[in-house]
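An overview of the molecular structure
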Amino acid sequence: MQSQNLRRIAQLAFILSIAAILTGLFRSTPPQELFPHSDKVGHVAGFLVVAISGYFALPANLTKAFTAVLIILAIGSEYAQASFLPARYFSLQDMFANLSGILIAGIIIRIHHTSNAKNTNEYGCHMTPLACFKAYDIRGQLGTQLDTDIAYRIGRAYAQYLKPETVVVGGDMRLSTSELKEALSNGLRDSGVNVLDIGLCGTEEIYFATTHLGTDGGIVVTASHNPEDYNGMKLVRKGSKPISGDTGLNDIERLTRENDFPKPDPTARGGYQLVDTRSAYVEHLQTYADLSKLKPLRLVVNAGNGVAGPAIDALESAFQQQQVPVEFIKLHHQPDGTFPNGIPNPILPENRADTIAAVLEHKADMGIAWDGDFDRCFLFDEKGRFIEGYYIVGLLAEAFLNKHPDEAVIHDPRLIWNTLDIAETSGGRAIQSKTGHAFIKERMREEDAIYGGEMSAHHYFRDFFYCDSGMIPWLLVAELISDKQQPLSELVDDRIAKYPSPGEINSKLADPASAIQRVLEHYENDAVSIDHTDGISLDMGQWRFNLRSSNTEPVVRLNVETRGDINLMEDKTAELLSLLRR
C-alpha cells in the first residue's frame, strides 16, 4: 500500500540521516570539510531531513517526544563538540543552523498536518487523505482510508453540517461494522445528537427508518459488494433525502478533514437507544404487491451471506401468517462478514453459479440474489438464465405505466432504447438522469416520477421515499408472473430479442480519459447523436453504446445495444473493446 511504502522509505531516510549527524558529530574533521560547499546549509539540511523523515517514520504518538529530543540534539551537539571532543569548537551559528532546519521541517510538517487533517490512524499509519469520500457515498479500505477515528469525525461533521436532533444508524454484517458504527455514534452523541440504532440492517431499512421514525437523518455503515477489507457509509437527511457530493457530502468531507470540532460537553451528550423497525418495514413492503393474487411460487433466494437473510425470514413469517403460497429455497442465508461463499456481488458472472444450480435443481419459478446490503436484487428466470437489469427496468416501467399512464419513469443513459420504447407505447414519459443513486433520486423528486431504474439493478420507487429497494422489485415481478400467468422468461424474451445487449463490460485501463477520447474520435463523425449526460453515449443508428468511468471503482464501463441484431451487437462490442484496450 502507498502509505506503507512511504513509511518504509521514511524509516530508511531517518536511519541514514541520524547516522550522518552522529558521524559528523564524532569525527575530528572540521565541519566545513564535511560540507565543503556550505557548512551552514549542511547543518540546516541535516536536521531538516531527520525531522521530516522522523515524522513519517515514527508512530504518531511519539511526535512530541521526538521533537524534544531533536531540539536537545541540535543544541547539545555543539556543546558536546566544544567540551568533550578533540579538534572541535562551540559554534553559535551552527547551533542556530541546526534549529533552523528543525523550524523549516516544522513548517512543512504543519502544512502537511493541516491539509491532511491528522490523517494517522490509531496504529500510527498515515492514511490516504479522505479517499473514502466518493461521489455519492463513503467507501474505503480499512486502515489506510477508513478507521474508527475517521468514523468518529464523520459523526461530528454530519452533526455540525446538518445540526440534527436525532439520527438513526444501522449496519451490515462486516466484521468492522460494529466498531465503526459505535465510533460514528459517539461522534454524533458528542455533538449533542440522539442516536437510534436499528442494528443489523440493509441500506433500504435505514431509508425506511429515517422517515418512519421521523428522524432528522440516517446513516448506514456498509460497503455493499466491496471486498472484505473495505467498509463505508451511506448518508441521508430528513425525509430519506440522499446526501451526495453536491448536496452536502463535500461539506461533510471538508469538516471531517479539518477535524476542528468543539470540545464535547458531557452534560449535553446525546442519548442512545436500540429500536426495532423490521416489522413495520416488512408491513410496508407488502403494500407494493397484491398478495392475494400470488399463485403458488417456489423462489430461490441467495443472500450471499449479506443482510438480506433476516429480512427474507421476516417476510416469510408474514407470508405464513397470511397463508401466501410462496416457498423460499434459501442459499448462503446467514449473515457472515467473512464471506465464506465469496463477495456478494451477483452482477459478476462467476458469482451466479449457485443460484442457477438451485433454480434448476428445485424447479423454481424464479431465482433472486442480492448484494451485501441488498439495495440491488438480481433475477433469474425459471430456466436459470440471468436476466440483465436493463430488461427488469423495462418490465417494471411497463407495469407501473399500465396502471398509471402519463406518469414519468427515470432511467440512466447506459442502455435506453427498450425503456424509451416501453414508455412511448404505454403512454408514459421516460426521463434520462445521470447514473448513480443520488442523481436518480434527485431527478425522481424533481419530476415526481413513479419509478426509476438503473441497469445495474437499482430500482427506485416514489412510494418508498424516492429511494431504491432490493425487496420491492421481486415482489412486483412475482405478482406479474401470477397475474399474467406467464413465466419470467416469457415476460422478457420479446424485449431481449428486440434490443439485445451483452451486459456491462468493465475494463481496467491505465489512462481511462485518453481511451474514452480515442473511442469518441473514432466514431463521432458517423454518430447520429452524441450525449454527455454520463460519459459518452453515441447513437449510431442501428446500434448505440455508452462508455463511462465508474464512480466507485477504477474501471471504464462499456454498454452496447442494437435494434434486434445480435451479430451486429457482437461485432461492435468486439470492435469497441479492441479500440478501448489498445
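Structure's up top.
Residues numbered from 1 in each chain as written. Predicted model: local features only at pLDDT ≥ 70, side-chain atom pairs only at ≥ 80, totals over all residues. Heavy atoms only, no water.

**Some remarks on the sheet that holds strand 12 (residues 386–387)**
Read from one edge to the other, the open sheet built from 5 strands follows the order 9-8-10-11-12, with strand pairing classed as mixed. The sheet is open, and its two borders are formed by strand 9 (326–331) and strand 12, each paired with just one other strand. Note: strand 11 (residues 377–380) against strand 12, 2 bridges, orientation antiparallel. Its bridge partner lying in strand 12, Phe 380 is registered against Phe 386. (Pairing = 2+ DSSP bridges. Helix = DSSP H or I, 4+ residues; strand = E, 2+ residues; numbered from the N terminus.)

**A word on the packing of helix 18 (residues 512–523) against helix 19 (residues 566–580)**
The interhelical angle for the contact between helix 18 and helix 19, taken along N-to-C directions, is 130 degrees, at an axis separation of 9 Å. Comparing their axes, helix 19 and helix 18 come out oblique. Where helix 18 crosses over helix 19, the two elements pack in a sense that is right-handed. Contacts between helix 18 and helix 19 involve Ala 515, Ile 516, Arg 518, Val 519, His 522 and Tyr 523 from the first element and Glu 575, Leu 576, Leu 579 and Leu 580 from the second. Within the contact of helix 18 with helix 19, the residues separate by chemical class into 7 nonpolar, 1 polar and 2 charged. (Axes fitted to C-alpha atoms, helices over the stretch in contact; angles between N-to-C directions. Parallel < 35°, antiparallel > 145°, perpendicular 65-115°, else oblique. Left-handed = near helix turned anticlockwise from the far one by under 90°. Contact = heavy atoms within 4.5 Å. Nonpolar A, V, L, I, M, F, W, Y, C, P; charged D, E, K, R; others polar.)

**Quick word on the pairing of strand 13 (residues 408–411)**
Residues Ala 408 and Ile 410 line one face of strand 13 and the alternating positions Val 409 and His 411 line the opposite face, and both faces are buried. Relative to strand 14 (residues 429–432), strand 13 is paired through 4 bridges, and the arrangement is parallel. For Ile 410, the partnering residue across the bridge sits in strand 14 and is Ile 431. Inspection of the sheet shows strand 13 paired to strand 15 (residues 451–453) by 3 bridges, in the parallel sense. Looking at the pairing, Ile 410 lines up with Gly 452 of strand 15. (Buried < 20%, exposed > 50% of the residue type's maximum accessible area, 1.4 Å probe, protein only.)

**Quick notes on unusual backbone geometry**
We note that Gln 323 has phi near 60 degrees; this positive angle belongs to a residue other than glycine. For Phe 374, which is not glycine, the phi torsion reads 45 degrees and is therefore positive. Here Phe 374 shows up in the loop between strand 10 (366–370) and strand 11.

**Notes on the pairing of strand 3 (residues 194–200)**
Sheet faces and side chains relate simply in a regular strand, where the side chains alternate between the two faces. Counting buried residues in strand 3 gives 5 out of 7 residues, a clear majority hidden from the surface. As defined by bridge partners, strand 2 (residues 166–171) adjoins strand 3 across 5 bridges and the pair is classed as parallel. Paired with Gly 171 across the bridge in strand 3 is Leu 200. As for the winding sense of the linkage, the β-α-β connection from strand 2 through helix 7 (residues 177–190) to strand 3 is right-handed. (Right-handed = clockwise from strand over helix to strand, strands pointing away.)

**A short note on the environment of Asp 336**
Examined against the element boundaries, Asp 336 turns out to sit in the loop between strand 9 and helix 12 (353–361). For the pair Asp 336 and Gly 304, spaced 32 residues apart in sequence, the C-alpha to C-alpha distance is 8.8 Å. Among the polar contacts made by the side chain of Asp 336, one reaches the side chain of Thr 338 at a distance of 2.7 Å. (Polar contact = N/O pair within 3.5 Å; in protein donor to acceptor, adjacent residues only side chain to side chain.)

**Thoughts on helix 10 (residues 278–285)**
Within the sequence span of helix 10, burial applies to Arg 278, Tyr 281, Val 282, His 284 and Leu 285. Buried residues along helix 10 cover an arc of 160 degrees about the axis, so they all sit on one side. Relative to its buried face, helix 10 has exposed residues pointing more than 90 degrees away, namely Ser 279 and Glu 283. (Arc of directions from axis to C-beta.)

**With respect to the sheet that holds strand 22 (residues 556–562)**
Spatial ordering of the open sheet is given by 18-22-21-20-19, a layout of 5 strands whose pairing is antiparallel. Sheet topology places strand 18 (505–507) and strand 19 (529–531) at the edges, where each strand pairs with a single neighbour. Geometrically, the sheet is characterised by an average inter-axis angle of 15 degrees between neighbouring strands, direction not taken into account. Relative to strand 22, strand 21 (residues 543–549) runs antiparallel, the two sharing 7 bridges. Of the residues in strand 22, the one forming a bridge with Trp 543 is Thr 562. Against the sheet, helix 18 contacts strand 19, strand 20 (536–539), strand 21 and strand 22, and its axis sits at roughly 160 degrees relative to strand 21.

**Section: the packing of helix 13 (residues 389–403) against helix 16 (residues 472–484)**
Two numbers describe how helix 13 lies on helix 16: the axes approach to 11 Å, and their chain directions differ by 70 degrees. Of the possible angle classes, the one that applies to helix 13 and helix 16 is roughly perpendicular. The way helix 13 lies across helix 16 gives a crossing that is left-handed. Between helix 13 and helix 16, the contacting residues are Leu 395, Leu 396, Ala 399, Phe 400 and Lys 403 on the first element and Pro 473, Leu 476, Val 477, Glu 479 and Leu 480 on the second. Within the contact of helix 13 with helix 16, the residues separate by chemical class into 8 nonpolar, no polar and 2 charged.

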